Amino acid sequence: MNTQILLPTKENIEIAARELNSGEVIGIPTETVYGLAANALNPNAIRKIYSIKGRPNNNPLIVHVSCVEEVYELAYVSSDAQKIIDYFWPGPLTILLKKKNIIPHSVTAGLDTVAIRLPAHPITRSIIAQAHCPLAAPSANISGKPSPTEALHVFDDFNGKIPYIIDGGSCKIGLESTVLDLSKVPYTILRPGGVTLESIQKIFPSVELSQHLFKPITENSVAESPGMLYKHYAPEAEVVLLDGQIENIALYIREAYFCSQKTNKKIKILCFEEHYDYFPKDIRINIGSYHHREKFAERLFRLLRALDKMHVDTIYSEVTSLDGIGMAIMNRLIRAASFRIVNTDIEKYPQSNE
Ligand code: TXA
Ligand code: MG
């Protein structure tokens, strides 16, 4: 099979809809990340998503709709859920609701809740509307890899495995949607994303955060969201997060840089614009201003993928505070780094310990 990247013309959206209706899986843009989409009401098409992506079959999928009315056919919408829908949709917020029977078990991996989202991207919505069915779509990356934010990323992962990718340009948000569990109290954020904790607190001040947003799941704890169990967002390169005073981070990187030159390793440091001058020219990457971290969110997965293509061995990154979009950024970074953060105020670069 040759995978074709199609521009989102009227004709091509009709082609996409036809493919989805005949049980195919295709790549679609959304405002968060690209999705690997299939008809959510067709169990055979759903099985294809799991096998193409290499996704564990106990990890449920998000169902995407093109208008609010479609939700009522798929799930039980409480008055609180309706408040959230009215306030945040369309947009990068997925909500967990009790599912109706029409949703196949393969979509929810046997759970009695379904994750639903109304995307803000006009092309996503016109594909769903044209196909006349809700679309199940996980992020369109091979399981465990950074999510795709451009049509070419989807092509890199699934060339030859899907017939079409609709090219909607670069994703504006660049990180996956916030996942909010409204199926039981207390309401809980299971994954931070483009819709922030602070904005959800405006509607429900007592909304909670899952215990597992910044910690690995241990044998004794239970994952509220199966996606938490798996290694995520990991590029081939080792990712190391650096915390501490900027002077100490700079010192750590200087040592790492000398060492990398001796050992012929490629390293890079993702740093805020305000700190750019602290780092050697040929390894620094400007992730934008600390005051506009949406830019970092938008570029993060693209950078991780690009650095893998350059065969970088170690990607160092500055950390950021957890307010606003910072929470989603840190949730992805810490997973990419296998939960390790170096405090450079205390820890020296390993070689200089001797
Ligand atoms: O922005 C997004 O949400 C993107 C775009 C394509 O819409 N999609 C996406 O899907 O990120 P995926 O499959 O990569 O992540 C879905 C997450 C997983 O962590 C999964 O475990 C969780 O949502 N999830 C889905 N249904 C669930 C359910 N019924 N209960 C608990 N967690 C659920
Ligand atoms: Mg994913």
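As a reminder, the structure under discussion sits directly above these lines.
A short tour of the structure in this document, coming up. Predicted model, so just to flag it, every value in this text is computed and none were measured. (Residues numbered from 1 in each chain as written. Chains lettered and ligands numbered in written order. Predicted model: local features only at pLDDT ≥ 70, side-chain atom pairs only at ≥ 80, totals over all residues. Heavy atoms only, no water.)

## A short note on the site of ligand 1
So, point 1. In the vicinity of ligand 1, 25 residues are found, and the nearest of them are Thr 32, Asn 59, His 64, Ser 177 and Gly 227.
So, point 2. Here Arg 55 contributes a side-chain N or O atom positioned 2.8 Å from an oxygen atom of ligand 1.
So, point 3. One of the side-chain N or O atoms of Asn 59 is found 2.6 Å from an oxygen atom in ligand 1.
So, point 4. Burial of ligand 1 by the protein amounts to 96% of the accessible area it has alone, namely 680 Å².
So, point 5. Mapped by element, the contributors of at least two residues to the shell around ligand 1 are β4 (62-64) and β7 (113-117). (Near = heavy atom within 4 Å. Polar contact = N/O pair within 3.5 Å; in protein donor to acceptor, adjacent residues only side chain to side chain. Areas by Shrake-Rupley, 256 points an atom, 1.4 Å probe, with all protein chains shown as cover. Helix = DSSP H or I, 4+ residues; strand = E, 2+ residues; numbered from the N terminus.)

## Examining the pattern of salt bridges
So, point 1. Overall, the coordinates contain 14 salt bridges when judged by the stated rule.
So, point 2. Two residues, Lys 83 and Asp 80, come together in a salt bridge whose shortest N-O distance is 3.7 Å. With Lys 83 and Asp 80 both in helix α4 (residues 79-88), this residue pair falls three residues apart, about one helical turn.
So, point 3. If you follow the salt bridges from partner to partner, you end up with Glu 150, Lys 295, Glu 298 and Arg 302 in one network. (Salt bridge = Lys/Arg side-chain N within 4 Å of Asp/Glu carboxyl O.)

## Quick notes on the packing of helix α10 (residues 293-309) against helix α11 (residues 326-336)
So, point 1. Where α10 meets α11, the axes come as close as 9 Å, and the angle between the chain directions of the two elements is 30°. Of the possible angle classes, the one that applies to α10 and α11 is roughly parallel. Here α10 runs over α11; the crossing is left-handed. The segment α10 lies against α11, with Arg 293, Phe 296, Ala 297, Leu 300 and Phe 301 engaging Gly 326, Ile 329, Arg 332 and Leu 333. (Axes fitted to C-alpha atoms, helices over the stretch in contact; angles between N-to-C directions. Parallel < 35°, antiparallel > 145°, perpendicular 65-115°, else oblique. Left-handed = near helix turned anticlockwise from the far one by under 90°. Contact = heavy atoms within 4.5 Å.)

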